[in-house]
Amino acid sequence: LAKTTQPISMDSYEGQEVNITCSHNNIATNDYITWYQQFPSQGPRFIIQGYKTKVTNEVASLFIPADRKSSTLSLPRVSLSDTAVYYCLVGDDTSGTYKYIFGTGTRLKVLA
Amino acid sequence: DVKVTQSSRYLVKRTGEKVFLECVQDMDHENMFWYRQDPGLGLRLIYFSYDVKMKEKGDIPEGYSVSREKKERFSLILESASTNQTSMYLCASSAGTGLGTNQPQHFGDGTRLSIL
(Lines give C-alpha, C1' and ligand atoms only; values in the text may rest on other atoms or scores of the structure.)
Protein backbone atom coordinates (compact mmCIF):
# COMPACT_ATOMS: atom_id res chain seq x y z
CA LEU A 1 0.00 0.00 0.00
CA ALA A 2 1.26 3.44 -0.84
CA LYS A 3 2.57 5.42 2.06
CA THR A 4 3.08 9.14 1.88
CA THR A 5 5.52 11.04 4.04
CA GLN A 6 5.55 14.80 4.54
CA PRO A 7 7.38 16.98 7.06
CA ILE A 8 5.12 17.68 10.00
CA SER A 9 5.76 21.40 10.10
CA MET A 10 7.79 24.20 8.54
CA ASP A 11 8.39 27.82 9.40
CA SER A 12 9.21 30.51 6.86
CA TYR A 13 9.41 34.28 6.61
CA GLU A 14 7.31 36.42 4.34
CA GLY A 15 8.74 36.78 0.85
CA GLN A 16 10.69 33.52 0.95
CA GLU A 17 10.16 30.55 -1.32
CA VAL A 18 8.86 27.44 0.45
CA ASN A 19 9.30 23.89 -0.81
CA ILE A 20 7.31 21.03 0.70
CA THR A 21 8.12 17.49 -0.36
CA CYS A 22 5.86 14.47 -0.25
CA SER A 23 7.39 11.03 -0.66
CA HIS A 24 5.13 8.31 -2.01
CA ASN A 25 6.69 4.91 -2.53
CA ASN A 26 3.95 3.43 -4.69
CA ILE A 27 1.40 5.26 -6.76
CA ALA A 28 -1.02 4.27 -9.49
CA THR A 29 0.66 4.37 -12.88
CA ASN A 30 -1.75 6.72 -14.62
CA ASP A 31 -2.70 8.93 -11.69
CA TYR A 32 -1.88 12.55 -11.05
CA ILE A 33 -0.32 13.86 -7.85
CA THR A 34 -2.45 16.53 -6.26
CA TRP A 35 -1.80 19.10 -3.55
CA TYR A 36 -4.31 20.80 -1.28
CA GLN A 37 -4.25 23.69 1.19
CA GLN A 38 -6.38 23.71 4.31
CA PHE A 39 -7.16 26.57 6.66
CA PRO A 40 -8.70 26.00 10.11
CA SER A 41 -12.41 25.20 10.03
CA GLN A 42 -12.41 24.87 6.24
CA GLY A 43 -12.21 21.99 3.82
CA PRO A 44 -9.05 21.36 1.80
CA ARG A 45 -8.72 23.57 -1.27
CA PHE A 46 -7.13 22.37 -4.51
CA ILE A 47 -3.80 24.04 -5.31
CA ILE A 48 -2.15 22.16 -8.14
CA GLN A 49 -1.76 18.74 -9.72
CA GLY A 50 0.60 17.10 -12.16
CA TYR A 51 1.72 13.82 -13.67
CA LYS A 52 5.43 14.38 -14.18
CA THR A 53 8.15 17.00 -14.64
CA LYS A 54 7.02 20.50 -13.73
CA VAL A 55 3.65 22.18 -13.57
CA THR A 56 3.09 25.83 -12.73
CA ASN A 57 -0.03 27.85 -12.12
CA GLU A 58 -0.72 31.27 -10.68
CA VAL A 59 -0.11 30.22 -7.08
CA ALA A 60 2.42 27.38 -7.06
CA SER A 61 4.72 25.04 -8.92
CA LEU A 62 4.89 21.29 -8.66
CA PHE A 63 8.02 19.29 -9.40
CA ILE A 64 7.76 15.55 -10.03
CA PRO A 65 10.86 13.47 -10.79
CA ALA A 66 10.87 10.79 -13.46
CA ASP A 67 10.39 7.94 -10.97
CA ARG A 68 7.32 9.70 -9.49
CA LYS A 69 8.22 8.54 -6.00
CA SER A 70 8.07 12.04 -4.64
CA SER A 71 6.72 15.47 -5.47
CA THR A 72 7.66 18.96 -4.30
CA LEU A 73 5.21 21.78 -3.92
CA SER A 74 6.88 25.16 -4.33
CA LEU A 75 5.24 28.33 -3.06
CA PRO A 76 7.03 31.44 -4.33
CA ARG A 77 7.29 34.48 -2.05
CA VAL A 78 4.96 33.33 0.71
CA SER A 79 2.82 35.75 2.68
CA LEU A 80 1.15 35.50 6.09
CA SER A 81 -2.03 34.27 4.39
CA ASP A 82 -0.20 31.15 3.20
CA THR A 83 -0.09 29.89 6.79
CA ALA A 84 -2.04 26.64 6.48
CA VAL A 85 -1.73 22.87 6.35
CA TYR A 86 -0.67 21.38 3.00
CA TYR A 87 -1.55 17.85 1.90
CA CYS A 88 -0.50 15.70 -1.01
CA LEU A 89 -2.88 13.13 -2.48
CA VAL A 90 -1.94 10.07 -4.52
CA GLY A 91 -3.77 6.96 -5.62
CA ASP A 92 -2.55 3.40 -5.19
CA ASP A 93 -3.85 0.38 -7.08
CA THR A 94 -1.00 -2.03 -6.45
CA SER A 95 -2.95 -4.16 -3.98
CA GLY A 96 -5.72 -4.79 -6.50
CA THR A 97 -8.04 -2.40 -4.69
CA TYR A 98 -7.76 1.29 -5.46
CA LYS A 99 -6.97 3.52 -2.49
CA TYR A 100 -6.86 7.30 -2.17
CA ILE A 101 -3.88 8.15 0.02
CA PHE A 102 -3.67 11.58 1.62
CA GLY A 103 -0.41 12.64 3.20
CA THR A 104 -0.45 13.46 6.90
CA GLY A 105 -0.06 17.14 6.12
CA THR A 106 2.61 19.81 6.59
CA ARG A 107 1.75 22.71 8.84
CA LEU A 108 3.34 25.82 7.32
CA LYS A 109 3.72 28.88 9.49
CA VAL A 110 4.72 32.11 7.77
CA LEU A 111 6.30 34.70 10.02
CA ALA A 112 6.41 38.45 9.49
CA ASP B 1 -16.47 27.86 -9.05
CA VAL B 2 -17.50 24.47 -7.76
CA LYS B 3 -19.60 24.68 -4.65
CA VAL B 4 -19.92 21.76 -2.26
CA THR B 5 -22.35 22.47 0.53
CA GLN B 6 -22.63 20.47 3.71
CA SER B 7 -25.90 20.90 5.54
CA SER B 8 -24.47 21.59 9.00
CA ARG B 9 -21.22 23.09 10.26
CA TYR B 10 -21.70 21.76 13.78
CA LEU B 11 -23.85 18.91 15.01
CA VAL B 12 -24.30 17.34 18.44
CA LYS B 13 -25.99 13.96 18.75
CA ARG B 14 -26.36 11.26 21.36
CA THR B 15 -25.00 7.74 21.41
CA GLY B 16 -27.26 5.34 19.57
CA GLU B 17 -28.97 7.95 17.43
CA LYS B 18 -29.19 7.59 13.67
CA VAL B 19 -27.40 10.57 12.16
CA PHE B 20 -27.67 11.95 8.64
CA LEU B 21 -25.03 14.21 7.10
CA GLU B 22 -26.02 15.79 3.82
CA CYS B 23 -23.87 17.08 1.00
CA VAL B 24 -24.86 18.83 -2.22
CA GLN B 25 -22.66 19.84 -5.16
CA ASP B 26 -23.64 22.18 -7.96
CA MET B 27 -21.25 21.17 -10.76
CA ASP B 28 -22.87 18.01 -12.07
CA HIS B 29 -19.92 15.94 -10.87
CA GLU B 30 -20.15 12.18 -11.15
CA ASN B 31 -17.88 11.39 -8.20
CA MET B 32 -18.66 12.21 -4.59
CA PHE B 33 -16.74 11.30 -1.44
CA TRP B 34 -17.10 11.25 2.32
CA TYR B 35 -14.01 11.57 4.53
CA ARG B 36 -13.41 11.96 8.20
CA GLN B 37 -10.52 14.00 9.51
CA ASP B 38 -8.98 13.39 12.90
CA PRO B 39 -5.88 14.93 14.50
CA GLY B 40 -2.83 12.83 13.77
CA LEU B 41 -4.71 10.56 11.36
CA GLY B 42 -5.31 12.96 8.48
CA LEU B 43 -8.14 12.41 6.01
CA ARG B 44 -9.55 8.92 5.72
CA LEU B 45 -12.04 7.88 3.07
CA ILE B 46 -15.29 6.40 4.35
CA TYR B 47 -17.27 5.89 1.13
CA PHE B 48 -17.37 7.23 -2.37
CA SER B 49 -19.86 7.14 -5.20
CA TYR B 50 -19.17 7.34 -8.91
CA ASP B 51 -22.79 7.49 -10.06
CA VAL B 52 -26.33 7.67 -8.80
CA LYS B 53 -27.15 4.66 -6.60
CA MET B 54 -23.55 3.43 -6.90
CA LYS B 55 -21.22 3.31 -3.91
CA GLU B 56 -17.86 1.89 -2.98
CA LYS B 57 -16.37 1.33 0.45
CA GLY B 58 -13.37 3.38 1.38
CA ASP B 59 -10.85 2.64 4.10
CA ILE B 60 -13.13 2.92 7.14
CA PRO B 61 -16.75 2.10 6.19
CA GLU B 62 -17.66 0.29 9.40
CA GLY B 63 -20.53 1.95 11.22
CA TYR B 64 -21.46 4.09 8.21
CA SER B 65 -23.67 3.82 5.16
CA VAL B 66 -24.35 6.20 2.29
CA SER B 67 -27.13 7.11 -0.07
CA ARG B 68 -27.02 8.72 -3.48
CA GLU B 69 -30.48 9.00 -4.97
CA LYS B 70 -29.70 12.10 -7.03
CA LYS B 71 -26.50 13.07 -8.77
CA GLU B 72 -25.99 16.26 -6.79
CA ARG B 73 -26.64 14.84 -3.33
CA PHE B 74 -24.61 12.37 -1.28
CA SER B 75 -25.67 11.47 2.24
CA LEU B 76 -23.62 9.86 4.98
CA ILE B 77 -25.54 7.88 7.58
CA LEU B 78 -24.31 6.84 10.99
CA GLU B 79 -26.58 3.90 11.72
CA SER B 80 -26.12 4.00 15.50
CA ALA B 81 -23.81 6.81 16.54
CA SER B 82 -20.98 6.06 18.92
CA THR B 83 -18.54 8.35 20.71
CA ASN B 84 -15.64 7.18 18.51
CA GLN B 85 -17.45 8.71 15.56
CA THR B 86 -16.91 12.19 16.95
CA SER B 87 -14.93 13.83 14.17
CA MET B 88 -14.81 16.37 11.35
CA TYR B 89 -16.63 15.00 8.30
CA LEU B 90 -15.73 16.31 4.87
CA CYS B 91 -17.62 15.82 1.64
CA ALA B 92 -15.99 16.23 -1.77
CA SER B 93 -16.87 15.92 -5.43
CA SER B 94 -14.91 15.55 -8.64
CA ALA B 95 -15.56 15.36 -12.34
CA GLY B 96 -15.00 12.21 -14.35
CA THR B 97 -16.16 8.73 -13.58
CA GLY B 98 -14.67 5.98 -11.53
CA LEU B 99 -11.48 5.92 -9.57
CA GLY B 100 -8.40 8.06 -9.92
CA THR B 101 -6.86 11.37 -8.97
CA ASN B 102 -6.77 12.95 -12.41
CA GLN B 103 -9.61 15.30 -11.60
CA PRO B 104 -9.19 17.39 -8.46
CA GLN B 105 -11.59 16.88 -5.60
CA HIS B 106 -13.52 19.91 -4.38
CA PHE B 107 -14.36 19.93 -0.70
CA GLY B 108 -17.09 21.35 1.45
CA ASP B 109 -16.18 23.14 4.68
CA GLY B 110 -16.98 20.15 6.85
CA THR B 111 -19.37 19.14 9.59
CA ARG B 112 -17.93 18.92 13.07
CA LEU B 113 -19.92 16.13 14.67
CA SER B 114 -19.89 15.46 18.39
CA ILE B 115 -21.44 12.29 19.77
CA LEU B 116 -22.23 12.51 23.48
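Scroll up to find the structure.
Residues numbered from 1 in each chain as written. Chains lettered and ligands numbered in written order. Predicted model: local features only at pLDDT ≥ 70, side-chain atom pairs only at ≥ 80, totals over all residues. Heavy atoms only, no water.

**Q** I tried to follow the pairing of strand β8 (residues 73-78) of chain B on my own but got confused; where do I start?
**A** Two faces make up the sheet, and in a regular strand the side chains alternate between them. Residue and element names in this part refer to chain B. The buried fraction of β8 is high, at five of six residues. For strand β7 (residues 64-70) and β8, the ladder comprises five bridges, and the chain directions are antiparallel. When the bridges of β8 are listed, Tyr64 appears paired with Leu78. (Buried < 20%, exposed > 50% of the residue type's maximum accessible area, 1.4 Å probe, protein only. Helix = DSSP H or I, 4+ residues; strand = E, 2+ residues; numbered from the N terminus. Pairing = 2+ DSSP bridges.)

**Q** Any chance you could explain the state of the cysteines here in plain terms?
**A** Linking two cysteines covalently via their sulfur atoms produces the bond known as a disulfide. The tally for this structure, following the rule as stated, stands at two disulfides over all chains. Through a disulfide, Cys22 of chain A is tied to Cys88 of chain A; the S-S separation comes to 2.0 Å. Torsion about the S-S bond of the Cys22 of chain A and Cys88 of chain A cystine: about 45 degrees, corresponding to right-handed handedness. Of the two residues, Cys22 of chain A sits in strand β3 (residues 18-24) while Cys88 of chain A sits in strand β9 (residues 84-92), which places them 66 residues apart along the sequence. Using a relative accessible area of 0% as the deciding quantity, one classes Cys22 of chain A as buried. Note that Cys23 of chain B is cross-linked by a disulfide to Cys91 of chain B, the S-S spacing being 1.9 Å. The S-S bond linking Cys23 of chain B to Cys91 of chain B shows a torsion near -80 degrees; that makes this disulfide left-handed. Of this pair, Cys23 of chain B sits in strand β3 (residues 19-25) while Cys91 of chain B sits in strand β9 (residues 87-94); the two residues are 68 residues apart in sequence, bridging distant segments of the chain. (Disulfide = S-S within 2.5 Å.)

**Q** What's the story with the packing of aromatic side chains in this structure? I'm lost.
**A** The final tally for this structure, using the stated rule, is 14 aromatic pairs over all chains. Between the aromatic rings of Phe102 of chain A and Phe107 of chain B, the centroid separation amounts to 6.2 Å while the plane-to-plane angle is 70 degrees, which identifies the pairing as edge-to-face. In this pair, Phe102 of chain A is assigned in strand β10 (residues 99-102) and Phe107 of chain B in strand β10 (residues 106-107), connecting two distinct chains. Phe107 of chain B matches Phe102 of chain A in its accessibility class, with the two residues each being buried. Put simply, the rings of Tyr36, Phe46, Tyr87, Tyr98, Tyr100 and Phe102 of chain A together with Phe33, Tyr35, Phe48 and Phe107 of chain B pair up and form one aromatic cluster. (Phe/Tyr/Trp six-rings, centres within 6.5 Å; stacked < 30°, edge-to-face > 60°.)

**Q** What exactly am I supposed to notice about the interface of chain A and chain B here?
**A** By a widespread convention, an interface's size corresponds to the accessible area lost as its parts come together. Every contact between the two is made by 20 residues of chain A and, on the other side, 19 residues of chain B. The contact between chain A and chain B buries some 1,800 Å² in all, and 54% of this surface belongs to carbon and sulfur atoms. In this assembly, chain A and chain B are joined by one salt bridge. Our count for the chain A to chain B interface comes out at twelve residue pairs in polar contact (both at pLDDT 80 or more). Residue assignment for the side of chain A that touches chain B shows that the elements contributing at least two residues are β4 (33-38), β5 (45-50), β9 and β10 of chain A. Ranked by residues supplied to the side of chain A that touches chain B, first place goes to β9 of chain A with four residues. Partitioned by chemical class, the residues of the side of chain A that touches chain B number ten nonpolar, eight polar and two charged. (Contact = heavy atoms within 4.5 Å. Buried area = accessible area lost by both parts, 1.4 Å probe. Salt bridge = Lys/Arg side-chain N within 4 Å of Asp/Glu carboxyl O. Polar contact = N/O pair within 3.5 Å; in protein donor to acceptor, adjacent residues only side chain to side chain. Nonpolar A, V, L, I, M, F, W, Y, C, P; charged D, E, K, R; others polar.)

**Q** Before we go on, may I ask you to explain the side chain of Thr101 of chain B in this structure?
**A** Along the chain, Thr101 of chain B falls in the loop between β9 and β10. Classification of Thr101 of chain B as buried rests on a relative accessible area of 3%. Engagement of the side chain of Thr101 of chain B in a polar contact is seen with the side chain of Asp31 of chain A, the distance being 3.4 Å. Looking at Thr101 of chain B, its side chain comes within polar contact range of the main-chain oxygen of Tyr32 of chain A, at 2.6 Å. In this view, Thr101 of chain B contacts Asp31, Tyr32, Thr34, Gln49, Leu89, Val90, Gly91, Tyr98 and Tyr100 of chain A; residues no more than four positions away in its chain are not counted.

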